[in-house]
Every structure is written in C-alpha cells, then in structure tokens.
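A closer look at the structure
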Amino acid sequence: MRSTGHDQEKKAGIWQKLHIDLPLLAGLLCLMVLSLFVIYSAGGQDMDIVIRQAVRLGIAVAVMFVVAQIPPLSYRKWAVPVFVIGLILLVLVLLFGHVGKGAQRWLDLGFTKFQPSEIMKLIVPIMIAWFISQDNLPVKISTIIFAFILVLIPTLLIAKQPDLGTSLLIASSGIFVIFLAGASWKLIASCIGLGSAFAPILWLYLMKEYQKQRVLTFLNPEQDPLGSGYHIIQSKIAIGSGGLHGKGWLQGTQSQLEFLPERHTDFIFAVFSEEFGLVGVALLLLVYLAIVMRGLWIAVNAQQAFTKLLAGSLTLTFFVYVFVNIGMVSGLLPVVGVPLPLVSYGGTSMVTLMAGFGILMAISTHRRFIGS
C-alpha cells in the first residue's frame, strides 16, 4: 500500500514537472478521439480529411504543451504590449487585409494568411485580467467602465471585418473577467439595458444584409426552406431523427446522403446527434461539463487575482463556444459560424483553444511556485 501511494505521488510529480493537468488533458483527448470518428463519417468516409484533422490536432496539442511551460506571471508582464500589437494588427486588417468570402479578416504574409482576430481571443482576457487585477477587489465602477472600453475597441474592429461570431466571443471573454471580478448585478443589468437600447442602431447601421438575414432565418427558417432556411431545417431533422440511441456510426441518412450542409464543420453536432442519439449527446455534454468544471476548479485554486480571473474567463469562454454552436445547430440561436470546440474540422480556432488550455494548465501546475 505504501509503495502504491509512493508510485502515485511520483506519477503526479512527473505530470507536475511537465506542467500538464492530467484530468483536463484526459477530457480534451476524449474530444479529439471522438472528433476523428465523427469527421470520418461526416466527411464521406474520406481518410484524407481524417489525417489532416489528426495533424492539426497534433499541432494544437504541441502548442498547448509549449504554452503550458510559460509561467502565468509572464502573461501579466506581456499583457499591455501584446494588446497594443493586437489592435495595430486589427487596424492593418481593415486597411490592407485580404478579402475572402466577402470578409476582410486576414493579413497576407506572402507564405501564409494570418487572422489576427483569433489571437485576440486570448489577448483580450489577458489584458482585462491584468487591468482589473491592478486594483483591490471588489473592483471599482471607474475600473469597470474603462475595462468595458478596452473590450469594446477590439470587438468593434472585428465586427467591422465583418466577423460577428468572433467579435461576440471576444466580447464575452472580456466581460467574463469583469463579471468574475465582482461586478454587481445592478451594474450588469444596466449594461444589458444599454445593450438592448443599442440593438436598433446595430440593426439599422452596423449589421450587413446577410447578418440581418441570419436573424430573420433564425426567427422563421420555414420562410425560405430551400434557401437561407435550408441549413437549420436539415440540421433539426438530423437531430430529431437520431432518437434515443441514434442510427449508428456511419448510418446517418441526413449526413451520408448529403442533405446536411457544412456537416464536418459548423454542423457536425447534427451529424453526431443523428448517429448517436440522445444518449450519445448526453455523454458528449458530460465530457464538456467535466472540462468546464476542471477549468473552474483551476480558477478557484489559483493563487493570484490575475490568474483567477484569467482562468475563469478562458473556461467560461470555452463554455460559450459549446453553447453557441449547439444552440445555433438546434435552431435556438442564429447561425454565427462558431465551430463545435475540438470536434469540428478546422485548424486556427482549434490551435487558439488549445493555447488557452495551455494557459489553464500553466496556472494549475505553476501555482506552487508563485506567491500570493
């Protein structure tokens, strides 16, 4: 018994030295393995797409491991200069950015195209956590107002590209920091009220026609069943036809017969639901819940205000990813182009997510070595 306990401590020490949070890694690996199986089905049983996804997952894990080795206090030191650089890159995108699919979101570096809005998903919560942690908690109203302004600047720059989905995710990542810092419910309600009052201006002057159409389609997809409403109608058919136990892997008619568009990217949850049913969906949600709970545990046990706020924000932003994707695929939210985290086929957003989990692991495993 004594040697067994010693062996367990030794194994825990190895993971600690590698700066890997084992429970968090286990949940992430579960999603990655599941991703390969579902993408094989959703991609028409094409092994090439599975191999490409596996390579991207490998790169994302490597990025997570590298980021996890960086002490959390380093992110606090870099917060301001990196935030300023990020804003400059967003301005350069609006001035000189590459246009693709009707959006101006990339900087053409010659050998590759770079999307600055992706790194802002990490930079914004780091910056807001640094700014708020300069004061003693609970945070003052003046600090909250200035923090909102810091969140608003990159949000508007990204919405201008236009990229409504990413801008909402970035806004939520910064707002979560403010919420976790102890903002009163009265202030939060006031902000929601101001946001509601701003909605008509957003609709009339800032939203593009295709964005307005997405909202109208969300409210009544049956008004154009073969056009703008086709995606969501087919998605809901796929989800409902899965029933309790699903039709079985590779047996989903909506996906295999190609009725379901974007089935290996944004709408992969519909493929999963059709093939594995309510039971499979419940198990998938349990894995996501376990990851979120572990992230919040890391936040609660972090030793500094900065690391607590940053860990909490990254975890809740991951939750928003899951909530928005499942909500839009189920017809509960407008379609905004947010992938299902670590399951949908993709590269850039996956690497950004795993870098965020690398920061979480750094906060978890470095906490013994930083002062309060």
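The structure presented is a predicted model; accordingly, all values stated were derived computationally and were not measured. Numbers given for residues are sequential positions, taken from 1 along each chain in its written order. Under the rules for a predicted model, residues below a pLDDT of 70 receive no local features and side-chain atom pairs below 80 are neither given nor counted, while totals for whole chains, interfaces and linings still include all residues. Note: side-chain values were computed over all heavy atoms of the structure, leaving out hydrogens and water.

**Notes on the side chain of aspartate 266**
Locating aspartate 266 in the fold gives a position in the loop between α11 (253-256) and α12 (268-301). Contact between two residues is taken to exist if any of their heavy atoms lie within 4.5 Å; hydrogens are not considered. With near-sequence residues (within four places) excluded, aspartate 266 lies in contact with Asn325, Met328, Val329, Gly337, Val338, Pro339 and Ser344. By definition, any uninterrupted DSSP run of H or I lasting at least four residues is a helix, any uninterrupted run of E lasting at least two residues is a strand, and each is numbered from the N terminus.

**Here we look at the confidence of the model for the protein**
pLDDT expresses how confident the predictor is about each individual residue, on a scale running from 0 to 100. Per-residue confidence for the protein averages 84 on the pLDDT scale, and 92% of its residues sit at or above 70. Looking over the protein, one finds the lowest element-wise mean pLDDT in helix α1 (residues 2-17), namely 60, and the highest in α12, namely 94.

**Notes on empty space enclosed by the protein**
Every definition here rests on a 1 Å grid over the protein atoms only: cavities are sets of points where a 1.4 Å probe fits but cannot get out, pockets are open sets enclosed by protein on both sides within 12 Å along at least five of seven lines, and lining residues have some atom within 4 Å of a point. Grid points are joined across faces, edges and corners, and a volume is the space filled by probe spheres set on the points. Within this structure, the stated rule accounts for one cavity of 30 Å³ or more. Volume-wise, the largest cavity comes out at about 150 Å³. Lining of the largest cavity is provided by Lys121, Leu122, Ser173, Leu314, Thr317, Phe318, Tyr321, Thr352, Leu353, Gly356, Phe357 and Leu360. Residue contributions to the lining of the largest cavity peak at five residues, all from helix α14 (residues 348-365). Here the residues of the lining of the largest cavity sort into seven nonpolar, four polar and one charged. Basically, the charged four are Asp, Glu, Lys and Arg, the nonpolar ten are Ala, Val, Leu, Ile, Met, Phe, Trp, Tyr, Cys and Pro, and anything else, Gly included, counts as polar.

**Here we look at the packing of helix α3 (residues 47-68) against α14**
Axis angles are defined between N-to-C directions and span 0 to 180 degrees, where every axis is a line fitted to C-alpha atoms and, for a helix, only to the segment in contact. Orientation of α3 relative to α14, taken along the N-to-C sense of each, is 30°, at an axis distance of 7 Å. Of the possible angle classes, the one that applies to α3 and α14 is roughly parallel. Crossing angle aside, the handedness with which α3 passes α14 is right-handed. For the pair α3 and α14, contact is made by Gln53, Arg56, Leu57, Ala60, Val61, Val63, Met64, Val67 and Ala68 and by Met350, Val351, Met354, Ala355, Phe357, Gly358, Ile359, Met361 and Ala362, respectively. If an angle is under 35 degrees, it is roughly parallel; if it is over 145, roughly antiparallel; if it lies from 65 to 115, roughly perpendicular; otherwise it is oblique. Each crossing is labelled by how the near helix is turned from the far one, with a counterclockwise turn of less than a right angle marking it left-handed and a clockwise turn marking it right-handed.

**Section: the pattern of salt bridges**
In what follows, salt bridge is the name for a side-chain nitrogen of Lys or Arg lying within 4 Å of a carboxyl oxygen of Asp or Glu. Counted by the stated rule, this structure contains three salt bridges. Two residues, glutamate 274 and lysine 247, come together in a salt bridge whose shortest N-O distance is 3.1 Å. Note that glutamate 274 is positioned in helix α12 and lysine 247 in the loop between α10 (230-241) and α11, a separation of 27 residues in sequence.

**Re the layout of surface pockets**
In this structure, the largest pocket occupies an estimated 2000 Å³ of space. Lining the largest pocket are 47 residues, with Thr155, Leu168, Ala171, Ile175 and Gly195 positioned closest to its centre. Those elements giving two or more residues to the lining of the largest pocket turn out to be α6 (141-159), α7 (164-180), α8 (185-206), α9 (209-219) and α13 (305-329). In terms of residues, the lining of the largest pocket owes the most to one element, α8, which gives 12 residues. When the residues that make up the lining of the largest pocket are grouped by side-chain class, the tally is 37 nonpolar, seven polar and three charged.

**Section: the packing of α12 against α13**
One can describe the packing of α12 onto α13 by two numbers: an axis separation of 8 Å at closest approach and a directional angle of 165°. Between α12 and α13, the angle falls in the class roughly antiparallel. For α12 against α13, the interelement crossing comes out left-handed. Of the residues in α13, those in contact with Phe269, Ala270, Leu285, Tyr288, Ile291, Val292, Gly295, Leu296, Ile298, Ala299, Val300 and Asn301 of α12 are Lys308, Ala311, Gly312, Thr315, Leu316, Phe318, Phe319, Val322, Asn325, Ile326 and Val329. When the residues that make up the contact of α12 with α13 are grouped by side-chain class, the tally is 17 nonpolar, five polar and one charged.

**Here we look at the nonpolar core**
Nonpolar core, defined: a set of buried Ala, Val, Leu, Ile, Met, Phe, Trp, Tyr and Cys residues in which side-chain atoms within 4.5 Å join the residues together. Using a 1.4 Å probe on the protein chains alone, a residue whose accessible area is under 20% of its type maximum counts as buried, one over 50% counts as exposed, and one in between counts as partly exposed. The biggest cluster of nonpolar side chains holds 93 residues, and the ones touching the most others in it are Leu28, Met120, Ile128, Ile132, Phe318 and Phe357. With 14 residues, the top contributor of residues to this core is α13. Aside from chain neighbours lying at most four places away, what touches phenylalanine 357 is Leu24, Leu28, Met64, Ile291, Phe318 and Leu342.

**Focus on α6**
In this analysis, the expected span of each helix is defined as 1.5 Å times one less than the number of residues it contains. With 19 residues, α6 extends 26 Å between its outermost C-alpha atoms, agreeing within 8% with the 27 Å of an ideal straight helix rising 1.5 Å per residue. Taken together, the buried positions of α6 are Thr143, Ile144, Ala147, Leu150, Val151, Pro154, Thr155, Leu157 and Ile158.

**Re a nonpolar patch on the surface**
A patch consists of residues exposed above 30% relative accessible area that lack any salt bridge, with like charges linked at up to 9 Å and nonpolar side chains (Val, Leu, Ile, Met, Phe, Trp, Tyr) linked at up to 5 Å. Only the protein chains shown count as cover for residues, and the accessible areas themselves come from Shrake-Rupley with a 1.4 Å probe. The grouping of Leu244, Leu278, Val279, Leu283, Leu286, Leu289 and Met293 at the surface amounts to a nonpolar patch, some 670 Å² of accessible area in total. Within the fold, valine 279 resides in helix α12. Residue valine 279 is classed as partly exposed on the basis of its relative accessible area of 38%.

**Some points on the environment of methionine 127**
By secondary structure assignment, the location of methionine 127 is in helix α5 (residues 116-133). For the pair methionine 127 and isoleucine 145, spaced 18 residues apart in the sequence, the C-alpha separation amounts to 15 Å.

**Some words on unusual backbone geometry**
Of all residues except glycine, most have a negative phi; of all peptide bonds, most are trans. Phi angles above zero are rare outside glycine, and leucine 250 is one such case at about 70°. By the element assignment, leucine 250 lies in the loop between α10 and α11. Look at leucine 250 and you get partly exposed, because its relative accessible area is 21%.

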